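Each chain, letter by letter, is given below.
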Amino acid sequence: MSSESYKRNLIGRVIAESDSKEWAMAVQEWDITDCYEDEQAESSCVCGHERIRYCFTITNRKNGNVIHPIGSECIKKFGRVDLREEILVHEKMFKLIDAQKRGEYIEFDSRFFSRKVLKYLYEQKAFGNGDEWEAEREYKFALDMFNKRDKSLLTERQERRARGIIAYSIKPFIARKLHLNR
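Just so you know, these numbers come straight off a predicted model, no measurement behind them.

### A look at the overall build of the protein
Here is step 1 of the chain: Along the backbone of the protein there are seven helices and five strands.
Here is step 2 of the chain: When the helices and strands of the protein are listed from N to C terminus, the series reads α-α-β-β-β-β-β-α-α-α-α-α.
Here is step 3 of the chain: Counting only C-alpha atoms, the protein reaches 55 × 35 × 30 Å along its principal axes.
Here is step 4 of the chain: Residues classed as buried in the protein amount to 44% of the 182 residues present.
Here is step 5 of the chain: Considering only contacts in the protein between residues 6 or more positions apart, those separated by 24 or more positions represent 55%.
Here is step 6 of the chain: Carbon together with sulfur atoms contributes 48% to the accessible area of the protein, which is approximately 10400 Å² in total.
Here is step 7 of the chain: With 34 positive and 31 negative side-chain charges, the protein shows a separation of 2 Å between the mean positions of the two kinds.

### A word on the nonpolar core
Here is step 1 of the chain: Ranked by internal contacts, the top residues of the largest apolar core, which has 54 residues, are Ile 70, Phe 108, Phe 113, Leu 118, Leu 121, Phe 127 and Ile 170.
Here is step 2 of the chain: In terms of residue count, the dominant contributor to this core is helix α4 (residues 81–101) (eight residues).
Here is step 3 of the chain: The contacts of Leu 121, once residues within four sequence positions are left out, are Met 93, Phe 113, Ala 126, Phe 127, Ile 170 and Phe 173.

### Re the pattern of salt bridges
Here is step 1 of the chain: Scanning the model with the defined rule gives 17 salt bridges in all.
Here is step 2 of the chain: Taking the shortest distance from any N to any O, the salt bridge between Lys 119 and Glu 123 comes out at 3.8 Å. With Lys 119 and Glu 123 both in helix α5 (residues 115–123), this residue pair falls four residues apart, about one helical turn.
Here is step 3 of the chain: Residue classification places Lys 119 among the partly exposed residues on the basis of a relative accessible area of 44%.
Here is step 4 of the chain: Note on Glu 123: relative accessible area 49%, which makes it partly exposed.
Here is step 5 of the chain: A salt bridge links Arg 160 to Glu 156; the nearest nitrogen and oxygen atoms lie 3.0 Å apart. Taken together, the positions of Arg 160 and Glu 156, both in helix α7 (residues 156–177) and four residues apart, correspond to about one turn of that helix.
Here is step 6 of the chain: Judged by relative accessible area, which is 60%, Glu 156 ranks as exposed.
Here is step 7 of the chain: Bridged by salt links that share partners, the residues Asp 31, Arg 61, Arg 80 and Asp 82 form one connected network.

### A short note on the sheet that holds strand β4 (residues 54–60)
Backbone-to-backbone hydrogen bonds join strands into a sheet, with any given pair of strands oriented parallel or antiparallel.
Here is step 1 of the chain: Spatial ordering of the open sheet is given by β1-β4-β5, a layout of three strands whose pairing is antiparallel. Single-partner strands in this sheet number two, and they are β1 (30–37) and β5 (66–71). Pairwise comparison of adjacent strand axes, ignoring direction, gives a mean angle of 25° for this sheet.
Here is step 2 of the chain: Pairing between β1 and β4: seven bridges, direction antiparallel. Bridge pairing links Trp 30 to Asn 60 in β4.
Here is step 3 of the chain: Across the face of the sheet, α4 comes into contact with β1 and β4 while running at roughly 15° to β1.

### Let's talk about α4
Here is step 1 of the chain: Taking 1.5 Å as the rise per residue, α4 with 21 residues should run 30 Å; its terminal C-alpha atoms sit 31 Å apart, in good agreement.
Here is step 2 of the chain: Leu 83, Ile 87, Val 89, His 90, Glu 91, Met 93, Phe 94, Leu 96, Ile 97, Asp 98 and Ala 99 are the residues of α4 that are buried.
Here is step 3 of the chain: Here the buried face of α4 lies against β1, β4, α3 (72–76), α5 and α7.
Here is step 4 of the chain: Just downstream of α4, Gly 103 is the residue with a positive phi angle, here 80°.

### Notes on the packing of α4 against α7
Here is step 1 of the chain: Across the interface, α4 lies against α7 with an axial gap of 10 Å and an inter-helix angle of 115°. As judged from the angle between their axes, α4 and α7 are roughly perpendicular. Read as a crossing pair, α4 and α7 show a hand that is left-handed. Across the interface between the two elements, His 90, Met 93, Leu 96, Ile 97 and Gln 100 of α4 pack against Lys 171, Phe 173, Ile 174 and Lys 177 of α7.

About the cut-offs
- Residues numbered from 1 in each chain as written.
- Predicted model: local features only at pLDDT ≥ 70, side-chain atom pairs only at ≥ 80, totals over all residues.
- Heavy atoms only, no water.
- Helix = DSSP H or I, 4+ residues; strand = E, 2+ residues; numbered from the N terminus.
- Buried < 20%, exposed > 50% of the residue type's maximum accessible area, 1.4 Å probe, protein only.
- Contact = heavy atoms within 4.5 Å.
- Areas by Shrake-Rupley, 256 points an atom, 1.4 Å probe, with all protein chains shown as cover.
- Lys, Arg positive; Asp, Glu negative; His and termini not counted.
- Charge placed at Lys NZ, Arg CZ, Asp CG, Glu CD.
- Core = buried A, V, L, I, M, F, W, Y, C linked by side-chain atoms within 4.5 Å.
- Salt bridge = Lys/Arg side-chain N within 4 Å of Asp/Glu carboxyl O.
- Pairing = 2+ DSSP bridges.
- Axes fitted to C-alpha atoms, helices over the stretch in contact; angles between N-to-C directions.
- Expected span 1.5 Å × (residues − 1).
- Parallel < 35°, antiparallel > 145°, perpendicular 65-115°, else oblique.
- Left-handed = near helix turned anticlockwise from the far one by under 90°.

Here it is, written out as structure tokens:
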């Protein structure tokens, strides 16, 4: 894709849908409001890039305008750290769900989690099934398990608890968040 079509399609669309008509200001108006995984990568981004796997919806908080689908690479071009981190969280969550579908063993390691992902899950109330005290306990436990370098040193009780938190708190939250039960 040429840089001219990129400018015309992405930058032009974002500016047209924003209150501000200057790129640096316009990108500040947008938030990620939805995301889904196109496993066959049949979707096309608003910029014209084809075969995107992670399809995001962004909404302008000033005027309510919506842009969809937009790929993660185009959102990264907004130059906003908060959006970049949110994209990474979503991508980790999709990888976790994909691994679950393949029957892979999931543990608190860097393949599926990061400190930011765990913090995001805590802030979004993924832990504890609505009980604030239990949510904090589960979050701290998950963080502790993530921080352990040698997972072979985990006790059987720790492994069972970690599997329980993943199965009964994190996976259901991710399924709801990513609309996997549609």
